[in-house]
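Per-entry structural report
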Amino acid sequence: MAKIGVCDTTFARYDMAADAIDELKKNAGGVKIVRYTVPGLKDLPVAAKKLIEEEECDLVMAFGMPGADEKDQVCANQASTGLINAQLATNTHVIEVFVHEDEADSDAKLAELMEKRAREHALNVVDLLVNPRNLTRLAGSGQRQGGPDAKPLKK
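A brief look at the structure comes next. In this text, all values refer to a predicted model and were calculated from it rather than measured experimentally. Per chain, residue numbering runs from 1 following the sequence as it is written. Restriction of local features to residues with pLDDT of at least 70 applies here, the model being predicted, together with a cutoff of 80 or more for giving and counting side-chain atom pairs; totals for whole chains, interfaces and linings are based on all residues. With hydrogens and water stripped out, all remaining heavy atoms of the structure feed into the side-chain values.

Take Ser80: it is sitting in helix H3 (residues 70–90). For every residue, the accessible area (1.4 Å probe, protein chains only) is compared with the maximum for its type, and the residue is labelled buried under 20%, exposed over 50%, or partly exposed between those bounds. Among the residues examined, Ser80 registers a relative accessible area of 18% and is labelled buried. When neighbours within four sequence positions are excluded, Ser80 is seen to be in contact with Glu96 and Phe98. Starting at the N terminus, helices and strands are each numbered in turn, a helix being any DSSP run of H or I of at least four residues and a strand any DSSP run of E of at least two. Contacts are assigned to residue pairs that have any heavy atoms within 4.5 Å of one another.

This is how it looks when you write it as structure tokens:
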């Protein structure tokens, strides 16, 4: 049985992990999910690494909501770098699911974006674990989680 780790923060203003867990349960029957919530973005890399090493998760989803201030963008970059390092140190995928607070012009649109991105990345996780060929078929197609897909480029 596959085990998926889900780490998120109390800093976020929306519970993306709950949406992802719901989507995983609907589409990845029999998978075990382990959730670990930490205070902020820069705590996510160690949470992801602990889920992999201590909880033996096969893959981790890391959810964060950086604020719109410049210092929040710096923290998001640091957290992202830490998540990459956790992947490389463990040879395990950590799917970063960040939604920046300035990606939408209203709270309602931001919440909608957060739910959609969380659910679409959860489906990517299912494909990574169960049927990676689905992702290969989408290579170069301009997929954008949470928003409209980009048009693929043609020669």
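Right, picking up where we left off after that structure.
So, on to the pairing of strand S4 (residues 94–98). For S4, a buried count of 4 out of 5 residues is recorded, marking the element as mostly surrounded by other parts of the structure. Here, strands pair whenever DSSP counts at least two bridges between them. Across 5 bridges, the pairing between strand S3 (residues 59–64) and S4 is parallel. By the bridge assignment for S4, Ala62 is matched with Glu96. Seen with its strands pointing away from the viewer, a crossover is right-handed when the path leading from the first strand over the helix to the second is clockwise. Remark: the S3/H3/S4 crossover connection has right-handed handedness.

In the contact formed by helix H2 (residues 44–53) and H3, the axes pass within 8 Å of each other and the chain directions differ by 20°. Classified by the angle between their axes, H2 and H3 sit roughly parallel to one another. At the point where H2 passes H3, the crossing takes the right-handed sense. For the pair H2 and H3, the contacting residues are Leu44, Pro45, Ala48, Lys49, Ile52 and Glu53 in the first and Ala79, Gly82, Leu83, Ala86, Ala89 and Thr90 in the second. Ten residues, namely Ala, Val, Leu, Ile, Met, Phe, Trp, Tyr, Cys and Pro, are considered nonpolar, four, namely Asp, Glu, Lys and Arg, are considered charged, and the remaining ones, Gly among them, are considered polar. Partitioning the contact of H2 with H3 into residue classes produces 8 nonpolar, 2 polar and 2 charged. Axis definition: a line fitted to C-alpha atoms, over the contacting stretch in the case of helices. Angles run 0 to 180 degrees between N-to-C directions. Here the word oblique covers every angle except those under 35 degrees (roughly parallel), over 145 (roughly antiparallel) and from 65 to 115 (roughly perpendicular). When the near helix sits turned anticlockwise from the far one by under a right angle, the crossing is termed left-handed; a clockwise turn instead gives a right-handed crossing.

The term salt bridge refers to a side-chain nitrogen of Lys or Arg lying within 4 Å of a carboxyl oxygen of Asp or Glu. A complete count under the given rule lists 13 salt bridges for this structure. With a closest N to O distance of 3.5 Å, Arg119 and Asp19 form a salt bridge. Of this pair, Arg119 sits in helix H4 (residues 107–130) while Asp19 sits in helix H1 (residues 16–27); the two residues are 100 residues apart in sequence, bridging distant segments of the chain. For the pair formed by Arg119 and Asp19, the shared burial category is buried.

Non-glycine residue Glu56 carries a positive phi angle of around 60°. Position of Glu56 relative to the elements: it lies in the loop between H2 and S3. Phi angles above zero are rare outside glycine, and Asn91 is one such case at about 55°. Examined against the element boundaries, Asn91 turns out to sit in the loop between H3 and S4.

Moving on: the sheet that holds S3. The 4 strands lie next to each other as S2-S1-S3-S4, forming an open sheet whose pairing is parallel. Of all the strands in the sheet, just strand S2 (32–38) and S4 have a single pairing partner and so form its edges. Averaged over all adjacent pairs, the angle separating strand axes in this sheet is 15°, with direction ignored. For strand S1 (residues 3–9) and S2, the ladder comprises 7 bridges, and the chain directions are parallel. Within S2, the position partnered with Gly5 by the bridge is Val34. Relative to the sheet, H2 contacts S1, S2, S3 and S4, its axis offset from that of S1 by approximately 160°.

The next thing to look at is H3. In an α-helix, one full turn covers 3.6 residues, which means residues spaced three or four apart are oriented alike. To estimate the expected span of a helix, count its residues, drop one, and scale the result by 1.5 Å. Over its 21 residues, H3 extends 30 Å from the first C-alpha to the last, a length consistent with the 30 Å expected when each residue adds 1.5 Å. Of all the residues in H3, the buried ones are Asp72, Ala76, Ala79, Ser80, Gly82, Leu83, Ala86 and Thr90. Within H3, the buried residues cover an arc of 165° as seen down the axis, which keeps them to one side. In H3, the exposed positions angled more than 90 degrees off the buried face are occupied by Glu70, Lys71, Leu88 and Ala89. Buried residues along H3 sit in contact with H2, S3 and S4. Looking one or two residues beyond H3, the residue adopting positive phi is Asn91, at roughly 55°. Along the arc lie the directions from the helix axis toward the C-beta atoms.

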